[in-house]
Amino acid sequence: MAKGPGFEKAAHPADAMEENYYQEHIKVYPAAVQGTVRKVKWAILIALLSIYYVMPFIRWDRGPGLPDQAVLADLPGRRFYFFFIEIWPQEVYYFTGLLITAAFTLFLMTSVAGRVWCGYLCWQTVWTDLFLAVERLIEGDRRERIKLDEGPIDGAYVAKKVMKWVAWLVIAVATGGAWVLYFSDAPTLVKNVFTGQAPFIAYLWIGILTFTTYFFAGYMREQTCIYVCPWPRIQAAMTDEFALNVTYRNDRGEPRASVKEAKKLKAAGQPAGDCVDCYQCVAVCPTGTDIRLGSQLSCIQCGLCIDACTSIMTKLGRETGLIAYDTPVNFDRRREGLAPVYKIVRPRTILYAVLIVAVTGFMAYTFLSRGNAGVNVLHDRNPLYVQNSDGSVRNGYTIRLLNRVGHERHFILAVEGVPQGARLEVVGIDHNVDGNPVIHVGPDRTREVRAAVIVPGAELKGRSSDVVFRITEQGGRETATAKDFFKAP
Ligand code: SF4
Ligand code: SF4
């Protein structure tokens, strides 16, 4: 398939596999391209990288004593902050919900537009695109890079390579550095990292992510998508014949012929397709794929070949869309001379959309209806009860109270569902005038106490029962409850 300078190097990686599964890596030299898809990809790249690098520096006032970083995974404080959202360790199910929503969103995207995640949003694609842009800036476009790699190792070669490696290293360090900023106060950590006062774990993570960024975006590139990533294999199950994919319309493009040949063929009454076999679609492809060979695992659906072919068709004054987003069903319909059909709304996409709405709706409901106070109760396992010498029965509990607001609160603890005459005692806690324990809980804190419920023997009647522990804010209206049980002999 070699054609034109550099194509002997940029052969389809899959061709190598046909000859020998373990054939050495064939380097891909993607050419620069301009067009609508490229503009969209630049916009997405800038937006995603800006969010990633800038987010840790955004401040969000949560009141005194609380971190003011908008997005923070505060591991020592056991909190996750996302702007006005604060997640406690016992609420990790929100992350589960988030992961489920992300999975369904990925399924929906795939059933609508194939590997759109791979082509536009995946971090491997985004960072590889960034590394390629830097490479192009320093070493030049496709032809210059091929020439440089095939030429002598002289001063210019070394200077360009060193400049590129240093630039890549700076991006890789910034990537690893930005990651750790999500786990500590960003401005303080930046200062500490540069003055050598940051904790060892911060340097370790910066080192690990610097290596992975450099290795995957600088060296591995398309090999990650073709050989390492499991998603191309899995996503085949999510797609169907109505999913939009980057498609070469071979009914229009074949038989390929140069402009001159096409003229001759047409003059002789022979058919000639619109594809002029210029190989521009292959030259711009970041994975070295020839889309004209049909749907392939190596195609990450980035759409850059659409831009390349559109510019060729425009130059030749031919209709654009020889390579475009289209569906397998239309591929067949066009061959049969039928009009194309597009069905984005179909049972599969409706199901995914309904699941996304259901999961996010449920999470939003539970989040908005959660209180600022909470109580958890754990009954003693051993012994389950103690019979006192006066015949009364005592059950022990560990009770944890939560105060989610930024000031100290006092909670009155009471137990319901116990017989008349039962007493609630909390170790080391004063009782109010009504005889109920009043527990102080610090701002944005939890407090654990040991409690006992004692029921006089005459009231027991030999039965165990369910009980409810209720906390009520002193002078306030907020209450929270937790169910448990009282065990009798
Ligand atoms: S860019 Fe278009 S015309 Fe050129 S080889 Fe590819 S499909 Fe054919
Ligand atoms: S074939 Fe086209 S869509 Fe597929 S990876 Fe290459 S440039 Fe992107």
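A. Spatial organisation of the overall build of the protein. Per the secondary structure count, the protein includes 18 helices and 14 strands. Its C-alpha atoms give the protein a radius of gyration of 33 Å, clearly above 23 Å, the size a compact globule of 489 residues would have. For the protein, the spread of C-alpha atoms along the three principal axes comes to 115 × 60 × 40 Å. Within the span of the protein, comprising 489 residues, buried residues form 44% of the whole. In the protein, 69% of the contacts between residues at least 6 apart in sequence involve partners at least 24 apart. A total accessible area of about 26,000 Å² is found for the protein, and carbon and sulfur atoms account for 63% of it. Seen as two clouds, the 54 positive and the 47 negative side-chain charges of the protein have centres 3 Å apart.

B. Structural context of the site of ligand 2. The environment of ligand 2 is formed by Val246, Cys285, Pro286, Thr287, Thr289, Ile291, Cys299, Ile300, Gln301, Cys302, Gly303 and Cys305. The pocket occupied by ligand 2, as judged from atoms lying within 2 Å of grid points, is the second largest cavity. Class assignment of the residues belonging to the shell around ligand 2 gives a composition of eight nonpolar, four polar and no charged.

C. A look at the layout of surface pockets. When its volume is computed, the largest pocket comes out at roughly 2,000 Å³. Along its surface, the largest pocket is lined by 46 residues, and Tyr52, Leu98, Trp117, Trp123 and Trp179 are the ones closest to its centre. Estimated volume of the second largest pocket: approximately 450 Å³. Residue assignment for the lining of the second largest pocket shows that the elements contributing at least two residues are helix H11 (231–235), strand E4 (245–248) and helix H16 (328–335). For the lining of the second largest pocket, the element with the highest residue contribution is E4, accounting for four residues. Taken together, the residues of the lining of the second largest pocket sort by class into eight nonpolar, eleven polar and three charged.

D. Local environment of the environment of Tyr120. Secondary-structure assignment places Tyr120 in helix H4 (residues 116–121). Owing to a relative accessible area of 11%, Tyr120 belongs among the buried residues under this scheme. Along the primary structure Tyr120 and Ile300 are separated by 180 residues, whereas in three dimensions their C-alpha atoms are 8.9 Å apart. Setting aside chain neighbours within four positions, we find Tyr120 in contact with Val37, Val40, Lys41, Ile44, Leu48, Thr125, Val126, Gln301, Cys302, Gly303 and Tyr325. Within the local environment of Tyr120, its side chain forms a polar contact with the backbone oxygen of Cys302, the two atoms lying 3.5 Å apart.

E. Up close: helix H7 (residues 155–181). Its 27 residues place the ends of H7 39 Å apart at the C-alpha level, agreeing with the 39 Å of an ideal helix rising 1.5 Å per residue. All of the buried residues in H7 are Tyr157, Lys161, Lys164, Trp168, Ile171, Ala172, Thr175, Gly176, Gly177, Ala178, Val180 and Leu181. Looking at the buried side of H7, the elements it contacts are helix H2 (36–54), helix H5 (123–139), helix H6 (142–150), helix H8 (186–194) and helix H9 (200–220).

F. The sheet that holds strand E13 (residues 465–473), seen in detail. Overall, antiparallel pairing links the four strands, which are arranged E11-E9-E13-E14 in an open sheet. The open sheet has two edge strands, strand E11 (438–441) and strand E14 (479–486), and neither has a second partner. Pairwise comparison of adjacent strand axes, ignoring direction, gives a mean angle of 30° for this sheet. The pairing of strand E9 (residues 409–416) with E13 spans six bridges and is antiparallel. Bridge pairing links Ile412 to Thr472 in E13.

So, how was this worked out
- Residues numbered from 1 in each chain as written.
- Chains lettered and ligands numbered in written order.
- Predicted model: local features only at pLDDT ≥ 70, side-chain atom pairs only at ≥ 80, totals over all residues.
- Heavy atoms only, no water.
- Helix = DSSP H or I, 4+ residues; strand = E, 2+ residues; numbered from the N terminus.
- Rg over C-alpha atoms; globule rule 2.2 N^0.38 Å.
- Buried < 20%, exposed > 50% of the residue type's maximum accessible area, 1.4 Å probe, protein only.
- Contact = heavy atoms within 4.5 Å.
- Areas by Shrake-Rupley, 256 points an atom, 1.4 Å probe, with all protein chains shown as cover.
- Lys, Arg positive; Asp, Glu negative; His and termini not counted.
- Charge placed at Lys NZ, Arg CZ, Asp CG, Glu CD.
- Near = heavy atom within 4 Å.
- 1 Å grid on protein atoms, 1.4 Å probe; cavity = no way out; pocket = protein on both sides within 12 Å on 5 of 7 lines; lining within 4 Å.
- Sits in = over half its atoms within 2 Å of the grid points.
- Nonpolar A, V, L, I, M, F, W, Y, C, P; charged D, E, K, R; others polar.
- Points joined across faces, edges and corners; volume = space filled by probe spheres on them.
- Polar contact = N/O pair within 3.5 Å; in protein donor to acceptor, adjacent residues only side chain to side chain.
- Expected span 1.5 Å × (residues − 1).
- Pairing = 2+ DSSP bridges.
- Axes fitted to C-alpha atoms, helices over the stretch in contact; angles between N-to-C directions.

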